[in-house]
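Summary of the model geometry
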Amino acid sequence: NGPLNMSPSDPKPTGAPPVTIQKKPVPCEQFIHEQVSRTRRTLKIVDLATSLIVLVAGLLGLLLLVAMADHWVVPGGLGMEIRFTVFFLALAASLWYGWKHLWPHLVYRVNPVYAAQTIERSSPSLKNSLLNLLLFGQQRETIPEAVYHTLEHQAAERLKRVTVENAVDRSRLIHIGYLFAALVVLIALYKILSPKDPFVSARRIVMPWAEIAAPSRVSIENVD
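The paragraphs below set out a description of the structure included in this document.

Quick look at the packing of helix α1 (residues 28-73) against helix α5 (residues 145-159) now. Contact pair α1 / α5: the axes reach a minimum separation of 9 Å and the direction vectors enclose 50°. Taken together, the axes of α1 and α5 are oblique relative to one another. Between α1 and α5 lies a crossing of left-handed hand. In this structure, α1 uses C28, E29, F31, I32 and Q35 to contact α5, whose residues at the interface are E152, H153, A155, A156 and L159. The residue inventory of the contact of α1 with α5, partitioned by class, reads six nonpolar, two polar and two charged.

Right under this line is the structure:
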């Protein structure tokens, strides 16, 4: 209880020890829900982008073929009847394709079970644990809580070793993107090399009611 003697060599007292903040672990149920939801969003975006590129590529290919017919097949260019026919056929086909392939991606949600199947196919190490958990979750009241939480913990531990971003197959989107890029390059080359302007023919198809003359090799701009 006597006075405290400190020599100069003794370490100086410091302040309060640093406080270590430990991150609260994410519950298994929340972690699984986040990973499945992320996969559902990715599936929706990839499918929507693929369908949209297919539609745009189809319309560009049709315009290129019609432009070539307008330039080299029909003497004097396509008549108004043919242009109206092509316009309405392209419009009907676009509406049908949009209703069949674009509208469902915009309106409906991706089934969580389908998202789980996608993750399972990309990572066989899950051994159907995620898919079984979702299927059992639909009838959770018939399963004991201890069994369900064991399945949940097992699925979460295996899912932590999986890269969910790579679960969605993007190969079809990539291949269609290559074809779309090749089509754009082909249109650009035709625009540069052809003596007749394909954009004029495209306007004639998009606006068949307009009085747009067929493109020709020679353009008379001024007459004296």
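Take the packing of α1 against helix α6 (residues 171-193) next. The packing of two helices is summarised by the inter-axis angle and the distance between the axes. Look at α1 against α6: their axes get within 10 Å of each other, and the N-to-C directions meet at 25°. Accordingly, the angle class assigned to the pair α1 and α6 is roughly parallel. Where α1 crosses over α6, the two elements pack in a sense that is left-handed. In the contact of α1 with α6, the residues fall into 17 nonpolar, three polar and one charged.

Right, let's talk about a nonpolar patch on the surface for a bit. On the surface, a nonpolar cluster with roughly 610 Å² of combined accessible area is contributed by W99, W103, L106, V107 and Y108. By secondary structure assignment, the location of L106 is in helix α2 (residues 80-107). Assessed through its relative accessible area of 53%, L106 is described here as exposed.

Conventions used here
The residue numbers shown here count from 1 along each chain, following its written sequence. It should be noted that, the model being predicted, local features are given only for residues of pLDDT at least 70 and side-chain atom pairs only at 80 or more, the latter also being counted only at that level, while totals for whole chains, interfaces and linings use all residues. Values shown for side chains rest on all heavy atoms present in the structure; no hydrogens or waters enter the calculation. For helices, the axis comes from a line fit to the C-alpha atoms of the stretch in contact; other axes are also lines fit to C-alpha atoms, and the angle between any two N-to-C directions lies between 0 and 180 degrees. The way it works is that DSSP assigns letters per residue, a run of H or I at least four long becomes a helix, a run of E at least two long becomes a strand, and they are numbered from the N terminus. For classification, angles of less than 35 degrees are called roughly parallel, those exceeding 145 degrees roughly antiparallel, those between 65 and 115 degrees roughly perpendicular, and all remaining angles oblique. By convention, the crossing between two helices is left-handed when the near helix turns anticlockwise from the far helix through less than a right angle, and right-handed when the turn is clockwise. Contacts: residue pairs with any heavy atoms within 4.5 Å of one another. All amino acids are sorted into three groups, where Ala, Val, Leu, Ile, Met, Phe, Trp, Tyr, Cys and Pro are nonpolar, Asp, Glu, Lys and Arg are charged, and the leftover types, Gly among them, are polar. Like-charged residues are merged into a patch within 9 Å and nonpolar side chains (Val, Leu, Ile, Met, Phe, Trp, Tyr) within 5 Å, provided each residue has over 30% relative accessible area and no salt bridge. Per-residue accessibility takes into account occlusion by the displayed protein chains alone, with areas from the Shrake-Rupley method and a 1.4 Å probe. We count a salt bridge whenever a side-chain nitrogen from Lys or Arg sits within 4 Å of a carboxyl oxygen from Asp or Glu. Whether a residue is buried, partly exposed or exposed follows from its accessible area with a 1.4 Å probe, protein chains only, as a fraction of its type maximum: under 20%, in between, or over 50%, in that order.

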